[in-house]
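Structural description and commentary
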Amino acid sequence: MPSWEKRYEALTAREREVMGLVVSGMLNKQIAFDLGTSEITVKIHRGHVMPEDAADSLAELVRMAAKLELPPGKK
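The structure contained in this document is the topic of the report that follows. (Residues numbered from 1 in each chain as written. Predicted model: local features only at pLDDT ≥ 70, side-chain atom pairs only at ≥ 80, totals over all residues. Heavy atoms only, no water.)

Some words on the overall build of the protein
Rule in force here: Secondary structure follows DSSP: runs of H or I at least 4 residues long count as helices, runs of E at least 2 residues long count as strands, and numbering of each begins at the N terminus. For each residue, the accessible area found with a 1.4 Å probe, counting protein chains only, is set against the maximum for its type, and the residue is called buried under 20%, exposed over 50%, and partly exposed in between. It only takes one pair of heavy atoms within 4.5 Å for two residues to be counted as in contact. Note on areas: Shrake-Rupley, 1.4 Å probe, and residue coverage restricted to the protein chains presented here.
On a plain count of helices and strands, the protein comes out with 5 helices and 0 strands. The order of helices and strands in the protein, counted from the N terminus, is α-α-α-α-α. Buried residues in the protein amount to 32% of all 75 residues. Put simply, 59% of the contacts in the protein that link residues at least 6 apart link residues at least 24 apart. Roughly 5000 Å² of accessible area belongs to the protein as shown, and the carbon and sulfur atoms make up 56% of that amount.

Laid out in structure tokens, this is it:
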């Protein structure tokens, strides 16, 4: 499994943006509204951020974001 740094670098700018908002505690519906997109699109981006073999839970994703020292998303 690639390192978290490599996984993060492979994400698109939008996926990184969604990741920041997810780890800040926002719901998919809230993220979609803020980004001006559909909730389904957010779910797709979130799926790319949290593939089944990488992040088993939101808590693990938050820990990974902390290890990468990512700035929190805007609320």
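After presenting the structure, the write-up continues.
A look at the packing of helix 2 (residues 13-23) against helix 4 (residues 39-49)
As a reminder, the rule being used: A fitted line through C-alpha atoms serves as each axis, taken over the contacting stretch for helices, and the angle formed by two N-to-C directions is quoted from 0 to 180°. Each angle receives one of four descriptions, namely roughly parallel if under 35 degrees, roughly antiparallel if over 145, roughly perpendicular if within 65 to 115, and oblique otherwise. Residues were grouped as follows: Ala, Val, Leu, Ile, Met, Phe, Trp, Tyr, Cys and Pro as nonpolar; Asp, Glu, Lys and Arg as charged; and all remaining residues, including Gly, as polar.
It is the contact of helix 2 with helix 4, at a shortest axis distance of 9 Å, that shows an interaxial angle of 90°. Judged by the inter-axis angle, helix 2 sits roughly perpendicular to helix 4. Only Val42, His45, Arg46, His48 and Val49 of helix 4 make contact with helix 2, whose side of the interface consists of Arg14, Glu15, Val18, Met19 and Val22. Tallied by class, residues from the contact of helix 2 with helix 4 come to 5 nonpolar, 2 polar and 3 charged.

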